[in-house]
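Residue-level structural notes
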Amino acid sequence: MSILEVSNLKKVYVTRFGGTKVEALTNVNFTIEEGEYVAIMGESGSGKTTLLNILAALDKPTAGRVLLDGQDLGAIKDKEIAGFRRDHLGFVFQEFNLLDTFTIEDNIFLPLVLAGMHYKEMLERLVPIAKKLGIEHILKKYPYEVSGGQKQRAAIARAMIIGPKLILADEPTGALDSKSSDELLRLFGEVNRQGQTILMVTHSVKAASMANRVLFIKDGEVFHQIYRGTDTDQQLYQKITDTLTLLAGGGERA
Amino acid sequence: MRVGFYFGLAKDGIRKNKRLYLPYILTCVGVVMIHYILGFLSKNPFLASVQGGNFIQYTLGMGTWVISIFSCIFLFYTNSFLIRRRKKEFGLYNILGMGRKHIGLILLFESLIVAGLALGGGLAAGILFSKLAELGLLNILKMQISMDFHISLFSVKRTILLYLGIFLILFLNTLRQIRFQSALTLLGSERAGEKPPKANWLLGIAGFLLLGIAYYAAVSIKDPVAAFTIFFFAVILVILATYLLLIAGSVVLCRVLQKNKKFYYRTQNYVSVSSMLYRMKRNGAGLATICILSTMVLVILSSTTCLYFGSEDALSNRYPSEVMVTLCEDEAGAVSDEVYGKLDELCYQLARDNGVEPKQYSTARFGYLTGVILEDQVKTQLEGNTERVLGELQNMVLVMLCPVADYEKVTGRHVELSQDEVLLYSDDIHYCYDTIRVGENTTFRVKEKLDREDPAFGEATGLTNSSKSLSFVSQIWLFTSDFDRALGDIPQLVDDYGKKSLTYEMVCYFDTELPRKEQLSFGSRFAEQYKEQPLPASRYYIETRASQYADFYQTFGGLLYLGIMLSVVFILAAVLMIYYKQISEGYEDQARFDIMQKVGMTQTEIKRSINAQMRTVFFLPLILAGIHVVFAFPMVRKLLLLFGLNNVGLFMTTSAISFVVFGIFYMVVYKLTAGAYYRIVSNIS
Ligand SMILES: Nc1ncnc2c1ncn2[C@@H]1O[C@H](COP(=O)(O)OP(=O)(O)OP(=O)(O)O)[C@@H](O)[C@H]1O
Ligand SMILES: [Mg+2]
């Protein structure tokens, strides 16, 4: 069964003054199966963040439908949407988005506390995840005391701790140096192999080449997609580069 | 040309940050205005010419100094807030290749613009409103008004010098901060200091302790003179304690709450406790200042309005009788039965000559000295260090010495007293010894203690309507058979001013029940006629309550006026600080609001938690100020006694009204500034 089904998604922004319209998404269709690791690529301004925000129910589409685990996001009441998001989705952002008023540990606990879980149970969940991500020794520290890579790992822990159906990541390596990026991508791969479904937006070919499938967005539509099949990372990398060149060329013609 | 460019940048900088600068400049204008007006009034020639004007001008002059010092501290505080927000901009200029010198130039222009606006606007408003202020003052003082208008060059000069000085120092201070920081620190300075505050247990607990001591001192104080000496001590303690409590104490409290996992990991507590921790660190000082300003406003308003509206009361306390004729002597021998009798006759006669049938007519004679009562001894000379002497002043008493014959005459009772025996009456003190020593060498045996309720006693001492005036000092009355020699060597003692410690008085009191104006003319006629045939006495005074009336209104009216002016300044300052607090919290919460929403907190949950937090933090100063005021109440009441005011009901009323009015005002400010806060928060998310 597919975890995510996106059909005929359309998003039009109306600027506050003057009412000029920007069509960020025209017609997006795709599905994601359980256990998949999907990367989304596209030029700047092609609508990737917009798409992710809609999938996360942070924004509403102008038209179209999103089914998450069989549940229509559009049918959820406004009041319940935050709770739904909390229980079914995990987020990893480019800017980490850790709250600097909390220790790393408390940041990770945040969704659990919001869900009203007991401290003991929270702790039980945290221990294996922290171990897997290698952040046990920084749990008591504050965000300003740790490195960017560590912050991002904490953000991943926060995304994972609730046991979400899907993890959404918006350019998770964007603010990291190459060593931390590699480390993070390795972790993503590992988490995915253990069954976690991941959808990641990225500009980095290297990051995309670690996924099982890469979607390309252009002019508000899914323009192309590549399955890994039996390709190695290097082979996938080459295919992505080729597609991007093609995309850029097409962009010039248009 | 180039200079014009930097001037333009400075202007833009202020315009772009007008949300920050406008309130700042307006407050500067307000403070400058009030400074000018106070200076203007304190040198106002018309005010100088009226009776009692000197005291008022002195008071207003003091007020000018208070405002000067306060402006200095306050502008420093708000300016540092502005700079913190501007540093990022300067860091950017710096990275874009602008030298420190040029940034300094921009800053200079900014300071000049702010100073120009503040001084120009403030002086213009000050001059414009000075007449209004003068009329207001004269009205409060119940004095004739004059319609001429003038500008006080003295005050203009003083205002310009003071505020230029302050702005110069502010400019130099900002320059210093910019100069010693790298572009990167400047860029990041808004986010700097994100370190979680460490709980400083020592300071937090010290805060509680200091507050406890101050409260205890305020509540346990017994008499007004001591209240006066302790007041400033207590004020300083309370200020210190407030800062400690709000800065360190609150962090300690949050830490304790955090340690309690069951409590902490609950949705509402989780977010609010942790962000409160940060908030208090950043805003604790601001909150403490708001709290202290509020307390000052409340204490000043409640006490000065109480004095003003209670002046009638204070007047009749200080002058229980409408007319009081006093003869003073330094020698006991001069207080002869003959003169005493003549005084009685003469006053009665003079009153009737002037068409008045004296009411509540009574006479009294006594010798009195002040001392400090320690167990069964009244010490007339204090030794030791000042601190101890001040401490002992709490036990100050007035020893009134009275011929027992007077008591016998009024009561018709015959009392047999030997030379070392006395009848004793004490009003406030419960005197429980069998003997009483006055000075070092004179000891009396107390033959009998008299009852306050005994009406005859009141008549004999004139206490029913006389010496209440001094009611803030306890009195001990001693009736003795040998008025002359009773006190041995005491009469020879002189105080530090060369005045004899023991003074003898013969007093005659009565009421006329005339309206105030006629009472005045009666008083002067009476005094003139008395002058023609004076009784033998070293000194004499003739006082009427009516003639003191203007004096009282001027004293209390002047205080009320100053109180109102100071309150306006303090309120202005408090409002500005509240506004800045909301704005800075708005900027802080912007990002947090966004993240929490993404992590799965609902809008309403966020709003509720932010609201609750904001309200707690916001009303904390008001509540603490309320508690301060409650504990200050007994002490301030004692201080009011020094002004002859003993009307607890009135003081309670003015306190309550002040608090309610101020509370409503505070609420309105909260609502308005909360609006600014929400606008900032919702801008981004
Ligand atoms: N709130 C908004 N109001 C109006 N237009 C918007 C809004 N958000 C995005 N857009 C527009 O929608 C289009 C898609 O934006 P989006 O942020 O999704 O791009 P992106 O693919 O994430 O770009 P990047 O790779 O640079 O992050 C852009 O043209 C953008 O200007
Ligand atoms: Mg984007």
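Right above here is the structure, for reference.
Just so it is clear, the structure is predicted and the values come from calculations on it, not from any experiment.

What counts, and where the lines are drawn
- Residues numbered from 1 in each chain as written.
- Chains lettered and ligands numbered in written order.
- Predicted model: local features only at pLDDT ≥ 70, side-chain atom pairs only at ≥ 80, totals over all residues.
- Heavy atoms only, no water.
- Helix = DSSP H or I, 4+ residues; strand = E, 2+ residues; numbered from the N terminus.
- Rg over C-alpha atoms; globule rule 2.2 N^0.38 Å.
- Contact = heavy atoms within 4.5 Å.
- Areas by Shrake-Rupley, 256 points an atom, 1.4 Å probe, with all protein chains shown as cover.
- Buried < 20%, exposed > 50% of the residue type's maximum accessible area, 1.4 Å probe, protein only.
- Near = heavy atom within 4 Å.
- Polar contact = N/O pair within 3.5 Å; in protein donor to acceptor, adjacent residues only side chain to side chain.
- Axes fitted to C-alpha atoms, helices over the stretch in contact; angles between N-to-C directions.
- Parallel < 35°, antiparallel > 145°, perpendicular 65-115°, else oblique.
- Left-handed = near helix turned anticlockwise from the far one by under 90°.
- 1 Å grid on protein atoms, 1.4 Å probe; cavity = no way out; pocket = protein on both sides within 12 Å on 5 of 7 lines; lining within 4 Å.
- Points joined across faces, edges and corners; volume = space filled by probe spheres on them.
- Nonpolar A, V, L, I, M, F, W, Y, C, P; charged D, E, K, R; others polar.
- Buried area = accessible area lost by both parts, 1.4 Å probe.
- Salt bridge = Lys/Arg side-chain N within 4 Å of Asp/Glu carboxyl O.
- Patch = residues over 30% accessible without salt bridge, like charges linked within 9 Å, V, L, I, M, F, W, Y side chains within 5 Å.
- Phe/Tyr/Trp six-rings, centres within 6.5 Å; stacked < 30°, edge-to-face > 60°.

**Quick look at the overall build of chain A**
The helix and strand tally for chain A stands at 8 helices and 10 strands. The globule rule puts the C-alpha radius of gyration for 254 residues at 18 Å, and the 18 Å found for chain A is close to it. On the principal axes, the C-alpha backbone points of chain A span a range of 55 × 45 × 40 Å. Counted over contacts in chain A with a minimum sequence separation of 6, partners at least 24 positions apart contribute 70%. Per element, the accessible surface of chain A, about 11,500 Å² overall, is 50% carbon and sulfur.

**So, the overall build of chain B**
When helices and strands are tallied, chain B shows 20 helices and 10 strands. Relative to its full complement of 685 residues, chain B shows a buried share of 54%. In chain B, the proportion of contacts linking residues at least 24 apart, taken out of those at least 6 apart, comes to 83%. In the form shown here, chain B has an accessible surface area of approximately 31,300 Å², with 63% of it arising from carbon and sulfur atoms.

**Quick look at the site of ligand 1**
Residue and element names in this part refer to chain A. Taken together, 13 residues lie near ligand 1, and S44, G45, K48, T49 and T50 sit nearest. In the environment of ligand 1, an oxygen atom lies 2.6 Å from a nitrogen or oxygen atom belonging to the side chain of T49. Bound to the protein, ligand 1 loses 62% of the 630 Å² it would expose on its own. Broken down by secondary-structure element, the contributors of at least two residues to the shell around ligand 1 are β2 (21-33) and α1 (48-55). When residues in the shell around ligand 1 are grouped by element, the largest group, 3 residues, is from α1.

**Considerations on the packing of helix α2 (residues 18-42) of chain B against helix α5 (residues 100-140) of chain B**
Residues and elements named next belong to chain B. Running from N to C, α2 and α5 point in directions that differ by 45 degrees, and their axes come no closer than 6 Å. One way to sum up the angle between α2 and α5 is to call them oblique. Of the two elements, α2 crosses α5, and the hand of that crossing is right-handed.

**Description of empty space enclosed by the protein**
Tallied over the entire structure, the rule returns 6 cavities of 30 Å³ or more. Roughly 150 Å³ of internal volume is contained in the largest cavity. Around the largest cavity, the lining is made up of 13 residues, and of these Y21(B), N79(B), E110(B), S111(B) and T174(B) lie nearest the centre. Broken down by secondary-structure element, the contributors of at least two residues to the lining of the largest cavity are α2, α4 (53-95), α5 and α6 (153-179) of chain B. Residues of the lining of the largest cavity, tallied by class, amount to 9 nonpolar, 3 polar and 1 charged. As for the second largest cavity, its lining consists of R86(A), L89(A), G90(A), F91(A), P111(A), A155(A), R158(A), A159(A), I162(A) and V599(B). Of all the elements in the fold, those that place two or more residues in the lining of the second largest cavity are β6 (89-92) and α5 (148-160) of chain A. Of the residues in the lining of the second largest cavity, the class split is 7 nonpolar, 1 polar and 2 charged.

**Quick notes on the interface of chain A and chain B**
Across the contact, 27 residues belong to chain A and 25 residues belong to chain B. Buried surface at the junction of chain A and chain B, summed over both partners, amounts to about 2,400 Å²; 64% is from carbon and sulfur atoms. Taken together, the connections running from chain A to chain B amount to 0 salt bridges. For the pair chain A and chain B, the number of links is 3 residue pairs in polar contact (both at pLDDT 80 or more). Looking at the side of chain A that touches chain B, the elements that each hand over two or more residues are α2 (78-88), α3 (104-114) and α4 (119-133) of chain A.

**With respect to the layout of surface pockets**
Residue and element names in this part refer to chain B. Of the pockets and cavities examined, the largest pocket occupies roughly 1,800 Å³. Along its surface, the largest pocket is lined by 49 residues, and F231, F232, V235, M296 and I300 are the ones closest to its centre. Where the lining of the largest pocket is concerned, the elements lending two or more residues are α4, α8 (201-220), α9 (224-259), α11 (267-309), α18 (545-599) and α19 (603-642). Broken down by element, the lining of the largest pocket gets its largest block of residues, 12 residues, from α4. Looking at the lining of the largest pocket, its residues break down into 41 nonpolar, 8 polar and no charged.

**Regarding the side chain of Q150(A)**
Residue and element names in this part refer to chain A. If you trace the backbone, Q150 turns up in helix α5. Looking at Q150, its side chain comes within polar contact range of the main-chain nitrogen of S147, at 2.9 Å. Each residue touching Q150, except ones within four places of it in the same chain, is listed here: I135, H137 and I138.

**Some points on a nonpolar patch on the surface**
All names here are of chain B. Among the surface-exposed residues, W201, I205, L209 and V256 lie close enough to one another that they form a single nonpolar patch of about 390 Å² accessible area. A total of 3 residues in the nonpolar patch trace back to one element, the largest contributor, which is α8. Along the polypeptide, W201 turns up in helix α8. By relative accessible area, which is 43% here, W201 ends up partly exposed.

**Details of the packing of aromatic side chains**
Residues and elements named next belong to chain B. Scanning all chains against the criterion turns up 35 aromatic pairs over all chains. Summarising the aromatic geometry, the rings of Y215 and F631 are spaced 3.9 Å apart at their centres and angled 5 degrees between planes, so their arrangement reads as stacked. Within this pair, whereas Y215 is found in helix α8, its partner F631 is found in helix α19, the two being separated by 416 residues in sequence. Judged by its relative accessible area of 11%, Y215 falls in the buried class.

Bear in mind that shape data such as this cannot, by itself, settle questions of function.
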